[in-house]
Amino acid sequence: MVAASDASVLNGSGAKTLTGPGAHSGKISARDVNVFYGENQALKSVNVGIPERSVMAFIGPSGCGKSTFLRCINRMNDTIAGCRVTGKITLDNEDIYDSKLDVVQLRARVGMVFQKPNPFPKSIFDNIAYGPRIHGLAQSKTDLEGIVTASLKKAGLWDEVKDRLKEQGTGLSGGQQQRLCIARAIAVGPEVILMDEPCSALDPIATARIEELIDDLRKNFTIVIVTHSMQQAARVSQHTAFFHLGSLVEKGETQQIFMAPTDKRTQDYITGRIG
Amino acid sequence: MTDVTVDTGYTSPSISALDPEAVRRRVAQRRAAEWRFQAYGVAAITFGLLCVALLFTVIVAKGWPAFLQSTLKLEVAFDPAVIDPAGKRVTDDIMAADYQALAAAAIYKQLGIAPDDAVATALADGLLSTGADVDLRKLVLADPSIIGKTQSVYLLANGNVDAVLKGAIDRAVPEASRQIKDQQLAWVDQLVTGGRLSKAFNWGLFTRGASSQPETAGLGVAVIGSFFMMITVLLVAVPLGVAAAIYLEEFAAKNRWTDFVEVNISNLAAVPSIVFGLLGLAILINFVGLPRSASLVGGLVLALMTLPTVIIAARAAITAVPPSIRQAALGIGASKMQSIFHHVLPLAMPGILTGTIIGLAKALGETAPLLMIGMVAFVVDYPRTPLDPATALPVQIYMWSTAQERGFVERTSGATMVLLVFLLAMNLIAVILRRRFERKW
Ligand SMILES: Nc1ncnc2c1ncn2[C@@H]1O[C@H](COP(=O)(O)OP(=O)(O)OP(=O)(O)O)[C@@H](O)[C@H]1O
Ligand SMILES: [Mg+2]
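Values in this document were obtained by computation on a predicted structure and should not be read as measured data.

### Description of the layout of surface pockets
Empty pockets left among the atoms are what a rolling probe the size of a water molecule brings to light.
So, point 1. Approximately 590 Å³ is the volume attributed to the largest pocket.
So, point 2. For the largest pocket, the lining is made up of 22 residues, of which Thr79 of chain A together with Glu249, Glu250, Arg326 and Lys336 of chain B are closest to its centre.
So, point 3. When residues of the lining of the largest pocket are traced back to their parent elements, those giving at least two are α3 (103–109) of chain A together with α10 (220–251), α13 (295–320), α14 (323–331) and α15 (336–364) of chain B.
So, point 4. With four residues, the single largest contributor to the lining of the largest pocket is α14 of chain B.
So, point 5. Here the lining of the largest pocket is built from residues that sort into ten nonpolar, five polar and seven charged.

### Considerations on the sheet that holds strand β9 (residues 239–244) of chain A
Residues and elements named next belong to chain A.
So, point 1. On the basis of which strands lie adjacent, the open sheet formed by six strands has the order β6-β7-β8-β3-β9-β10 and mixed pairing. If you trace the sheet from one side to the other, it starts and ends with β6 (110–113) and β10 (247–253), each paired once. Ignoring strand direction, the axes of neighbouring strands in this sheet form an average angle of 15°.
So, point 2. One ladder, built from four bridges, connects strand β3 (residues 55–59) with strand β8 (residues 222–226); its direction is parallel. Opposite Val55, over in β8, you have Ile223 as the bridge partner.

### A word on a nonpolar patch on the surface
So, point 1. Nonpolar side chains collect at one region of the surface, where Val52, Leu55, Phe56, Val60, Trp64 and Leu424 of chain B lie side by side and expose about 530 Å² of accessible area between them.
So, point 2. With four residues, the single largest contributor to the nonpolar patch is helix α1 (residues 20–63) of chain B.

### As for the pattern of salt bridges
Pairing is possible between side chains that carry opposite charge, provided their charged atoms lie close to one another.
All names here are of chain A.
So, point 1. Under the counting rule described, the total for this entry stands at 28 salt bridges over all chains.
So, point 2. A salt bridge links Glu191 to Arg109, with the nearest nitrogen and oxygen atoms 2.9 Å apart. Highlighted residues: Glu191 in the loop between α7 (174–187) and β7 (192–196) and Arg109 in helix α3, separated in sequence by 82 residues.
So, point 3. Under the relative-accessibility criterion, Arg109 is labelled partly exposed at 22%.
So, point 4. Salt bridges here are not isolated pairs; linked through shared partners, they connect Lys27, Glu52, Asp92, Glu94, Arg109 and Glu191.

### Points about the sheet that holds strand β1 (residues 68–77) of chain B
Residues and elements named next belong to chain B.
So, point 1. With respect to topology, three strands assemble into an open sheet ordered β2-β1-β3, the strand pairing being antiparallel. The sheet terminates laterally at β2 (150–156) and β3 (197–201), the two strands that pair on one side only. Strand-to-strand twist in this sheet, taken as the mean axis angle between neighbours without regard to direction, amounts to 40°.
So, point 2. Bridging between β1 and β3 involves five bridges; their strand directions are antiparallel. Bridging across to β3, Leu68 finds its partner in Phe201.
So, point 3. Across the sheet, helix α4 (residues 99–111) is in contact with β1 and β2; its angle to β1 comes to roughly 85°.

### Observations regarding the packing of α10 of chain B against helix α17 (residues 393–401) of chain B
Residue and element names in this part refer to chain B.
So, point 1. Closest axis-to-axis distance for the α10/α17 pair is 8 Å, and the angle between their directions is 145°. Each of Ala222, Val223 and Ser226 in α10 lies in contact with α17, whose residues at this interface are Leu393, Pro394 and Gln396.
So, point 2. Here the contact of α10 with α17 is composed, by residue class, of four nonpolar, two polar and no charged.

### So, the site of ligand 1
All names here are of chain A.
So, point 1. Taken together, 13 residues sit near ligand 1, with Ser62, Lys66, Ser67, Thr68 and His228 positioned nearest.
So, point 2. At a separation of 2.5 Å, an oxygen atom of ligand 1 approaches a polar side-chain atom of Ser62.
So, point 3. Within the contact set of ligand 1, an oxygen atom lies 2.5 Å away from a side-chain nitrogen or oxygen of Ser67.
So, point 4. With the chains in place, 61% of the 620 Å² that ligand 1 exposes on its own is no longer accessible.
So, point 5. With four residues, helix α2 (residues 66–73) is the single largest residue contributor to the shell around ligand 1.

### Topic: the nonpolar core
So, point 1. By size, the foremost hydrophobic cluster in this structure holds 73 residues, and its most contacted members are Leu219, Val297, Leu302 and Leu370 of chain B.
So, point 2. Elements with a minimum of two residues in this core: α10, α12 (273–287), α13, α14, α15, α17 and α18 (406–437) of chain B.
So, point 3. The residues contacting Val297 of chain B, other than those within four sequence positions of it, are Leu284, Ile285, Leu290, Pro291 and Ile373 of chain B.
So, point 4. Formed by 44 residues, the second largest nonpolar core is a distinct cluster that contains Ile59, Ala129, Leu157 and Trp158 of chain A.

### Topic: the interface of chain B and chain A
So, point 1. Taken together, the contacts link 19 residues of chain B with 25 residues of chain A.
So, point 2. The contact between chain B and chain A buries some 1900 Å² in all, and 66% of this surface belongs to carbon and sulfur atoms.
So, point 3. Taken together, the links from chain B to chain A amount to zero salt bridges.
So, point 4. One can count five residue pairs in polar contact (both at pLDDT 80 or more) joining chain B with chain A.
So, point 5. Where the side of chain B that touches chain A is concerned, the elements lending two or more residues are α14 and α15 of chain B.
So, point 6. For the side of chain B that touches chain A, the leading source of residues is α14 of chain B, giving seven residues.
So, point 7. Of the residues that constitute the side of chain B that touches chain A, the class distribution is nine nonpolar, eight polar and two charged.

Definitions and cut-offs
Residues numbered from 1 in each chain as written. Chains lettered and ligands numbered in written order. Predicted model: local features only at pLDDT ≥ 70, side-chain atom pairs only at ≥ 80, totals over all residues. Heavy atoms only, no water. 1 Å grid on protein atoms, 1.4 Å probe; cavity = no way out; pocket = protein on both sides within 12 Å on 5 of 7 lines; lining within 4 Å. Points joined across faces, edges and corners; volume = space filled by probe spheres on them. Helix = DSSP H or I, 4+ residues; strand = E, 2+ residues; numbered from the N terminus. Nonpolar A, V, L, I, M, F, W, Y, C, P; charged D, E, K, R; others polar. Pairing = 2+ DSSP bridges. Axes fitted to C-alpha atoms, helices over the stretch in contact; angles between N-to-C directions. Patch = residues over 30% accessible without salt bridge, like charges linked within 9 Å, V, L, I, M, F, W, Y side chains within 5 Å. Areas by Shrake-Rupley, 256 points an atom, 1.4 Å probe, with all protein chains shown as cover. Salt bridge = Lys/Arg side-chain N within 4 Å of Asp/Glu carboxyl O. Buried < 20%, exposed > 50% of the residue type's maximum accessible area, 1.4 Å probe, protein only. Contact = heavy atoms within 4.5 Å. Near = heavy atom within 4 Å. Polar contact = N/O pair within 3.5 Å; in protein donor to acceptor, adjacent residues only side chain to side chain. Core = buried A, V, L, I, M, F, W, Y, C linked by side-chain atoms within 4.5 Å. Buried area = accessible area lost by both parts, 1.4 Å probe.

Here is the structure:
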């Protein structure tokens, strides 16, 4: 059942983008990860390396465990009752499931953008300032304003909201809200940003903006994105991993996955035969 | 994504293939059913409103006279020979003086009765409240320099006089079976025409304590007692309830033990209130040794009674906060505590406040448990601390309702009106707070 158990597919194909030396490849590396929801096994022996400062896309049919794996990386699975994770996931060669590791600290380093935009019911400014405030990133009010402005600019939202920072974040349009959430995630200066179908609620124009944004953010962040759109995966990612029924079937450079998939299931999925 | 067509070998019936007549009948039936259902709803609401209207009409009609009180305006001579015969101006002497005699002398003079006419003076005494002396004593204690002077003072008229002025005594009834005699009636008329006897707003209803005379009985002690109890409930039930709700909703593992706790909280909410009174009597008074009739004990018992309401309301409010808000906070590295206190609680606040105020309102109107812990007491003086003997508004209503005098009957309804006003005010506050805190997400 377990396909491509070789964790170093990326070592061969994507070596140019790798910076981390050592046994594990990339910024994040997963070794033999199994996830159980109660009795149900949602992920089976997943091995993958995620290279630094690039975009990796997770694709696969609904229910195959993409979101589950994404949540393993910032340990959001901890908040789900009955969810159990085995195996090893490292961030910069540091085991994130180590009992000495502080989850809160980890989540500050690994930000997350959710499928449905979920701004806080607070002002736009406070939405973004919240993270820096609780992590003590700003020494002064000017500092904080600087962070908010920079984050909004990076998220490509600044021009639209610069005159109404005091207004409710929930009053923005869906696409704007999603960019607000991205700005909120980058305001705490994470190293990794996880995005779970960030464009599924957005129209093509808003989607295009977010895709541009992701391409931009790649310069500074390691990004993992879950998407149902092959085109989106092809457009924004450098690497792609295909999940099927809880297993990671195939992973590699995006071009290779889409042009010359080695596994039959991958081929079927990207040509639309599994769905 | 899929290009497989499903062939089940079964053709689904279509609505357009049905007999139009049958369809029309079905539609008519459905409409009639909907109309009937709405009609039931309107009827239920109308019935409820009518009951409320009836209740309020009866209470207001019976209770409004309690807000007016007949008072006599008399020229009282503060005779040093009566007040302080020793002339030492010692508080004890001043306290002990016979002030009723001063009031009586004033009314004899007003009516032109000789002080040695035993029959007439006895009748004239009957015009005055037997509690008139209390007010005079207060005046003198407040300002002893008044001794030796003559001053215009408003004094309470007797309950029977009050009843005459409010038209509650039928003059056609033969004198022998009337509470008030012909001579007294003549004086009442004389005093009214002379502008000496009239009805005024009854501030005493709110300021006076317990009394065996209706005209000098008031809600003062009960209001203070109820106030102390509400503060106790607020300070005890709200923090405990909200903390319990947060723990159960956000931290506790979902297992058999928490299920057990949960079921028992609901059970606690359904326990008859008198049982809480028994508990207070057994534990707080007999075991801990807190004083009887103290508003602290009452407050603690009511807090215990309100606790499940607060917990249930707070839990409902906390669960109603969308999980996406929690995830958002956790996702940027807020700790669980931070996500709860910065995001969940503020959003749950309107619900928590509403539940709390409804719980408080229920506690304010609660009588039975207070009877058990001895708050049915005859308390004349204001309680200074929650440990002093006190009564509560509903208990006062209950006590007045058992008295026979006409004045107490109207006071029972009057006090009910006061209680209802307090309850309405609390509900209004709940609505305002909910509006203020309400946020959309
Ligand atoms: N909180 C949960 N509790 C129990 N089972 C869950 C939970 N979340 C996911 N699962 C199960 O785990 C499996 C993988 O779910 P997951 O959400 O990771 O799929 P996905 O690939 O993200 O699907 P989609 O593309 O529809 O979002 C599914 O079978 C799902 O039923
Ligand atoms: Mg998903």
